[in-house]
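# Structure at a glance
Next come the chains, spelled out residue by residue.
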Amino acid sequence: MKGLILVGGYGTRLRPLTLSVPKPLVEFGNRPMILHQIEALAAAGVTDIVLAVNYRPEVMVSTLKKYEEEYGVSITFSVETEPLGTAGPLKLAEKVLKKDNSPFFVLNSDVICEYPFAELAAFHKAHGGAGTIVATKVDEPSKYGVIVHDRDTPNLIDRFVEKPVEFVGNRINAGLYILNPEVIDLIELKPTSIEKETFPLLVENRSLYSFDLEGFWMDVGQPKDFLSGTCLYLTSLAKKKPEFLAKGSYIVGNVLIDPSAKIGKDCKIGPNVVIGPNVVVGDGVRIQRSVILKSSIIKNHALIKSTIVGWNSTVGEWARLDGVSVLGDDVEVKDEVYVNGGKVLPHKTISSNVEHEQIIM
Ligand code: GDD
Ligand code: MG
């Protein structure tokens, strides 16, 4: 089987992290976001994975090529000279996707869940339509594509509305699809939205179905959702692979700590914390609902809540971070400084308090 992952876009909503690393390579649960998807595709029997990119893919190529062998898949890059949107890339990769005239998967690269690819393929085959969208329910549907069902035919989609301004329903597009090769014939090689242009055509042909997702789901393309997604992911890990979670008297709830990280005395870590490789945490540190990326240093008695600390950063003694703050790569927060909702660009030093949500550049 084959799969295409849409990894274009500039990931602007996940700045300042994406100023240093392309969104799909930002570590989620201590692994590049996209690796969760590659692993799940491989587990469902996918052997050909196309990554659709619209920027220079060198970093991605060098990071991901080494996983080809590990997962037994071929990973190729389909590079757009201009951003082709969410449908154009399918046309560009037509040769690979049409290879054995069988259905292929399409994924948005920023969605995290327990990917049900094998079940999705079986469901798709059974209804015989041209496409199946994975659906999930959310409280705030306006930032997603909304699915409205046909009254008489179960799972047949009657309307698909991308980012509705008025409420039409709360069952949304989870950003995972399986499509028949003939769907590519509906797409031209130009910037095209699968949500706004291709899905409505399939709906008109009464050929688009939805498959209800079980378990958690989150688009982790912005900091607030990245943190919420981390909580959900850790909860799922606690159920499925509890041996991966950290244990100890200083751990509260679900916490993931890379074995190479060092944690000081009298800390209280958790709930819902991820600590990356080579991170050094001092004594008496308190961390809650936060992610500390690779090689950062958290000094004694710092307090970190609802924050993403980017790579190679330093948080000073008695410093306090809160309110969905995000530190970019190589940021320094001086001793005793308070940061509330600050988005700090790479290589900056913060020496005075940041009381309100703002971008520090
Ligand atoms: N190759 C390529 N080229 N990929 C692109 C391009 C492009 O020009 N533009 C966007 N992408 C990729 C993004 O990297 C992402 O993986 C995916 O397409 C979707 O783009 P987002 O920018 O993340 O869209 P969204 O989150 O606002 O909405 C989409 O996802 C929702 C679920 O998270 C839509 O598919 C919604 O219908 C859906 O509900
Ligand atoms: Mg998104």
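None of these values were measured; they are calculated from a predicted model. (Residues numbered from 1 in each chain as written. Chains lettered and ligands numbered in written order. Predicted model: local features only at pLDDT ≥ 70, side-chain atom pairs only at ≥ 80, totals over all residues. Heavy atoms only, no water.)

## Section: the sheet that holds strand β16 (residues 268-269)
Under the convention used in this document: Following DSSP output, two strands are said to pair if at least two bridges run between them. Under the scheme used here, helices are H or I runs from DSSP no shorter than 4 residues and strands are E runs no shorter than 2 residues, and both carry numbers assigned from the N terminus.
Spatial ordering of the open sheet is given by β16-β19-β22-β25-β28, a layout of five strands whose pairing is parallel. Two strands in the sheet have a free side with no partner beyond their single neighbour: β16 and β28 (338-340). One ladder, built from two bridges, connects strand β22 (residues 303-305) with strand β25 (residues 320-322); its direction is parallel. Across the sheet, I304 pairs through a bridge with L321, a residue of β25.

## So, the domain arrangement of the protein chain
To keep it simple, the criterion reads: What counts as a domain boundary in this text is fixed by an automatic or database domain assignment. In what follows, residue pairs with any heavy atoms lying within 4.5 Å of each other are defined as contacts. Accessible surface is computed with a 1.4 Å probe, and the buried area is the amount of it that two parts give up when combined, taken over both parts together. We define a salt bridge as a contact between a side-chain nitrogen of Lys or Arg and a carboxyl oxygen of Asp or Glu at a distance within 4 Å. Amino acids are sorted into nonpolar (Ala, Val, Leu, Ile, Met, Phe, Trp, Tyr, Cys and Pro), charged (Asp, Glu, Lys and Arg) and polar (every other residue, Gly among them).
Under the domain assignment, the protein chain is made up of domain 1 (2-219) and domain 2 (244-360). Using C-alpha coordinates to define each centre, domain 1 is positioned 33 Å away from domain 2. The partner domain 2 presents 20 residues to the ten residues of domain 1 that form the contact. Interface area for domain 1 against domain 2, summed over the two sides, is near 1000 Å², with a carbon-plus-sulfur share of 71%. Among the residues domain 1 hides against domain 2, the three largest losses belong to P16, L17 and N30. Together they make up 53% of the total. Inspection of the domain 1/domain 2 interface yields one salt bridge. Residue K294 is joined to E27 by a salt bridge in which the shortest nitrogen-to-oxygen separation is 3.6 Å. When its residues are assigned to classes, the side of domain 1 that touches domain 2 shows five nonpolar, three polar and two charged.

## Side note on the coordination of the magnesium ion (ligand 2)
To keep things clear, this is the line we draw: Sodium, potassium and calcium take a 3.2 Å donor cutoff, other metals 2.8 Å, and in both cases only N, O and S atoms count; water is not among them, so sites may look incomplete. A 1.4 Å probe rolled over the protein chains alone gives each residue an accessible area, and that area as a share of the maximum for its type sets the label: buried under 20%, exposed over 50%, partly exposed in between.
The coordination sphere of the magnesium ion (ligand 2) contains the protein donors D110 (OD) and D219 (OD), at a distance range of 2.3 Å. Taken together, the residues D110 in the loop between β6 (104-108) and β7 (111-113) and D219 in strand β13 (residues 217-219) connect sequence positions 109 residues apart. Both residues of the pair, D110 and D219, count as buried.

## Here's the deal with the packing of aromatic side chains
Definition in use: Planes of paired rings set the category: under 30 degrees apart is stacked, over 60 is edge-to-face and the rest tilted, where pairs are Phe, Tyr or Trp rings (Trp by its six-membered ring) whose centres lie within 6.5 Å.
The tally for this structure, following the rule as stated, stands at nine aromatic pairs. For the pair Y144 and W217, a centre-to-centre distance of 5.5 Å together with 70° between the ring planes defines the contact as edge-to-face. Separated by 73 residues along the polypeptide, Y144 in the loop between β8 (131-137) and β9 (145-149) and W217 in strand β13 bring together distant segments of the chain. For the pair Y144 and W217, a shared accessibility class is recorded, and that class is buried. Judged by centre distance (5.1 Å) and plane angle (65°), the rings of F160 and F199 are edge-to-face.

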